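The lines below spell out each chain.
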Amino acid sequence: MLLKKEREENNMMEKIVSFCKRKGFVFPSSEIYGGFANSYSYGPYGTELKNNIKKLWWKKVVQEREDVVGIDGPILLNSKLWEASGHTSGFNDAMVDCKKCKKRFRADHVVEEATGKDLEGELEEMTKVLKEEKVKCPECGASDWTNVRNLNLMFKTEMNGYYGDVYLRPETAGAIFIEFKNIIDSMRVKVPFGIGQIGKAFRNEIVARNFIFRLREFEQMEIEYFIDPNQKWEEIFEGWLVFQEEFAMALGAKKEDLKRYEHAREKLSHYSRKTVDIEYKFPFGFSELFGLAHRGDFDLSQHAKFSGKKLEYFDVENNRRFIPHVIEPTFGLDRCILVTLLSAYNEEKVEEGTERVVMKFPKYLAPIKLAIFPLLKNKPELVKKAREIYDNLKGVHMCEFDDNGNIGKRYRRQDEIGTPYCVTVDFETLEDDTVTIRERDTMEQKRIKIEELKNFLEENLK
Ligand code: GAP
């Protein structure tokens, strides 16, 4: 739980938030109307970064694996699905209000922060602790609490021609389970196999906070990996954990900033054999980045029961029918973006008295891959040549053309948005068709033939 005072002291988060707004990565949404409930828009560079992370995940999960297929399901789904999955009755967080300042909090967070006790799910016990131990309100310091109550986190909406409540999906997983039958009927999949999906999810979080870490509208990248209940699951589980750690490192996270948190057996749902979170050392402390759960046959059995349809797999080789068990690796996309931004941010001394902010994104994630400059704006022959290079490469990579200010300033601008390479067209270019190419991290420059640029980028942007 981040207290107000800590928030103020939290220098790195503040830096990232203001940097993201200033440089077109992430903007507070609805700002001209005074903001709206901690929601954010991804700006032009943030959108490129987000798309590159999605592309990387899809490549590693769907494209490079023969055992995973991808789908794209709807946000609005038949409400029976959420009854079957237990979300309608059980997808709750505990809330409590401060009677003095009227602020609302996650009760388990306030209790844990003040007393170190993990009482998640124990409403009466939390009320007792808050009142008897006179826990202070993190906002105003009073100790005057309401009772702790449950709040269902699903967003309710209405739909023409449909009577009854409709929900915005609280996770993408549900949309995967209900396509299990269509996938085994239409694709040549064999257990073990997975279905992956990227998409929006909505949760009416009691408190949305920590920038894009906890949002009410966010994106998930999830896989349901179906296995034979008789097969050894431990190795498959470990394989996905390693995959998740490697994916975090591919975003730029350092190994020492990651840790595994295994949920205590007594806290697990009755159907789960094992649940592990991959936590990342955010500036506000180690917190969940990804999750991995063995969910047994709970989901398919529940959907079979509520839909009346058989959701079984037929193993032709052994002439055997069974309901597969599922291992669920889940990834929060917005949290991936936050990790990428935090890992890339660097302030460096470059020369005596000068500093640069440089986003050292892995090159394959950088929003802009190449910036092209004419040395001088008022020399049409330089501008024309630089434009030609830009026009030639813009269909292959995200490029920027910039003729504004001196070259040093242009380099700084590109360093700040993490552009791996800058190319400058100068008078020598007009004579021998070579340009200067400058690398972001080392700031080293060398000359290269224009005709070699395409290959150079292909080789060096991996
Ligand atoms: N289907 C399983 C599932 O949804 P979860 O732990 O509730 O599990 C999965 O969510 C991931 O989604 C989390 O590990 C986190 O990265 C991300 N996530 C969850 N709630 C979020 C929120 N309010 N804002 C941003 N990301 C969130």
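Further up the page is the structure itself.
In this text the structure is predicted, and so the values were computed from the model without any measurement. (Residues numbered from 1 in each chain as written. Predicted model: local features only at pLDDT ≥ 70, side-chain atom pairs only at ≥ 80, totals over all residues. Heavy atoms only, no water.)

**Re the site of the ligand**
Here's step 1: Every one of the 18 residues lining the ligand counts as a neighbour, but Glu171, Leu215, Glu222, Glu288 and Leu289 are closest to it.
Here's step 2: The side chain of Glu171 places a nitrogen or oxygen atom 2.7 Å from a nitrogen atom of the ligand.
Here's step 3: A distance of 2.7 Å separates a nitrogen atom of the ligand from a polar atom in the backbone of Leu215.
Here's step 4: Starting from 560 Å² of accessible surface for the ligand in isolation, the protein chains cover 89%.
Here's step 5: When residues of the shell around the ligand are traced back to their parent elements, those giving at least two are strand 10 (217-227), strand 13 (285-294) and strand 16 (325-332).
Here's step 6: Of the residues forming the shell around the ligand, the biggest block, four residues, is contributed by strand 13.
Here's step 7: Split into classes, the residues belonging to the shell around the ligand amount to six nonpolar, four polar and eight charged. (Near = heavy atom within 4 Å. Polar contact = N/O pair within 3.5 Å; in protein donor to acceptor, adjacent residues only side chain to side chain. Areas by Shrake-Rupley, 256 points an atom, 1.4 Å probe, with all protein chains shown as cover. Helix = DSSP H or I, 4+ residues; strand = E, 2+ residues; numbered from the N terminus. Nonpolar A, V, L, I, M, F, W, Y, C, P; charged D, E, K, R; others polar.)

**Regarding the pairing of strand 13**
Here's step 1: Burial analysis of strand 13 places seven of its ten residues in the buried class, the great majority of the element.
Here's step 2: Both strand 12 (residues 274-282) and strand 13 contribute to a ladder of nine bridges, which runs antiparallel. Residue pairing for strand 13: Glu279 is matched across the bridge by Glu288.
Here's step 3: The loop that links strand 12 with its antiparallel partner strand 13 comprises two residues.
Here's step 4: Summarising the sheet, strand 13 and strand 16 pair through five bridges and their orientation is antiparallel. For His294, the partnering residue across the bridge sits in strand 16 and is Ile327. (Buried < 20%, exposed > 50% of the residue type's maximum accessible area, 1.4 Å probe, protein only. Pairing = 2+ DSSP bridges.)

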